[in-house]
Structures are given as C-alpha cells and as structure tokens.
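Chains, contacts and geometry: an overview
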Amino acid sequence: MFNEELLLQELTFKAIRSSASGGQHVNKVASKVELSFNLNDSLVFNQEQKAQLLKKLQKRLTKEGVLLLQCDESRSQHKNKTLVINRFLVVIQAALQKPKKRISTKVPKSVIKKRLKSKQKQSDKKKNRQPPELP
C-alpha cells in the first residue's frame, strides 16, 4: 500500500509541556508530543491516494493540509512518541481502506408476505373500531 519507513521520515515532531499528572516535574519537562504531517508535500502517496486521504481526513486536516496528532498519555516523551506514531499509522491505514461494494439482494417472498399480512391485520383492527352500519 505505502512505504512505512519513508512515511515516518516525513513526520515532524514537537515536544510540548504536558498538562497531564506528574506534580512539579510536569512543569519542567516537555513530555507531550505533537506529530505533524503535511499531506500535500508527501512523496509517499500517489495522487489517487492523496485525494482519498484528503476526502476521508477532511475534518482532521488544517487548511494547509497538515494532519496534527498529540499524545500526553505517558510521562515519558519517548513512549508518547511511539504512541502517537502508532495512532498516526492507524489513522492513515483506516483512511486508505476502500469500502466493500454492496451487493444488492432480492427481498425474500416470506418477508413480503409477512409485511402484507401485518398491514392487513392493522387494517382489520382499524375497521373493527368503526361503528356498525345500520340499515
């Protein structure tokens, strides 16, 4: 589908101070990792794949076509980096999957009969509620 090693080389990372738990240490260390990936400048994907990614990731991309992901789950910057890389790969692979084409099937006769029977039953119920006709 795509070359994962080349894709990982196109990523840029930035370490930020995390708002996660950690006490006084969290104020000194930049453990939160932000991953950015410019889809328009990518050499890994062909035009068809880029168009599909732009369509599927439309709400997650910035106006410039940059995908931003953040991770601050762990206190370790290295662990956060691996987590955000894994999350990025999952997002890209999910966006590149083509949906299965739906094969239309014929409605079974039993289903049609059941529907008509229930309609007739409902109709009879309504008719029985009306006052009888007197001559």
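Heads up: the structure comes first, above all this text.
Every chain is numbered on its own, with residues counted from 1 as its sequence reads. In keeping with the predicted nature of the model, local features appear solely for residues at pLDDT of at least 70, side-chain atom pairs appear and are counted solely at 80 or more, and the whole-chain, interface and lining totals rest on all residues. No hydrogens and no water enter the side-chain calculation; it runs on all heavy atoms of the structure.

**With respect to the sheet that holds strand S3 (residues 66-71)**
- At least two DSSP bridges between two strands are needed for those strands to be called paired. Secondary structure elements follow DSSP: runs of H or I of four or more residues count as helices, runs of E of two or more count as strands, with numbering from the N terminus. In space, the three strands of this open sheet follow the order S1-S2-S3, with antiparallel pairing throughout. Every other strand in the sheet has two partners, leaving strand S1 (12-16) and S3 as the edge strands with one partner each. Put simply, the sheet's adjacent strands are angled 20 degrees from each other on average, direction ignored.
- Across five bridges, the pairing between S1 and strand S2 (residues 32-38) is antiparallel. Counterpart to Ala15 in the pairing with S2 is Val33.
- By the convention used here, residues are in contact when the closest approach between their heavy atoms is within 4.5 Å. Simply put, an axis is a line fit to the C-alpha atoms, just over the touching stretch for a helix, and the angle between two N-to-C directions goes from 0 to 180 degrees. Across the sheet, helix H3 (residues 77-96) lies against S1, S2 and S3, angled at about 135 degrees from S3, the strand it touches most.

**Quick notes on the packing of helix H2 (residues 47-56) against H3**
- Running from N to C, H2 and H3 point in directions that differ by 105 degrees, and their axes come no closer than 9 Å. Considering the angle they form, H2 stands roughly perpendicular to H3. From H2, Gln49, Gln52, Leu53 and Lys56 reach across to H3, where they touch Ile92, Ala94, Ala95 and Leu96.
- Grouping the constituent residues of the contact of H2 with H3 by class yields five nonpolar, two polar and one charged. With respect to orientation, any angle under 35 degrees is reported as roughly parallel, any angle over 145 as roughly antiparallel, any angle of 65 to 115 as roughly perpendicular, and every other angle as oblique. Nonpolar residues are Ala, Val, Leu, Ile, Met, Phe, Trp, Tyr, Cys and Pro. Charged residues are Asp, Glu, Lys and Arg, and all others, Gly as well, are polar.

**Things to note about the environment of Ala15**
- One can find Ala15 in strand S1.
- C-alpha of Ala15 to C-alpha of Gln70: the two residues are 55 residues apart in sequence and 9.6 Å apart in space.
- Setting aside chain neighbours within four positions, we find Ala15 in contact with Ala30, Lys32 and Gln77.

**Some words on the pattern of salt bridges**
- Salt bridge criterion: a side-chain nitrogen from Lys or Arg within 4 Å of a carboxyl oxygen from Asp or Glu. Evaluation of the coordinates by the stated rule reveals three salt bridges.
- Across the pair Glu48 and Lys98 runs a salt bridge whose closest N-O atoms are separated by 3.5 Å. Residue Glu48 is found in helix H2, and its partner Lys98 is found in the loop between H3 and helix H4 (109-129); the two are separated by 50 residues along the sequence.
- By relative accessible area, which is 60% here, Lys98 ends up exposed.
- For Arg87, the salt bridge goes to Glu73, with nearest N and O atoms at 2.6 Å. A residue pair is termed long-range when its members are at least 10 positions apart, and Arg87 in helix H3 and Glu73 in the loop between S3 and H3 qualify at 14 residues. Residue burial is assigned from relative accessible area. The probe radius is 1.4 Å, only protein chains are included, and a residue is buried under 20% of its type maximum, exposed over 50%, and partly exposed in between.

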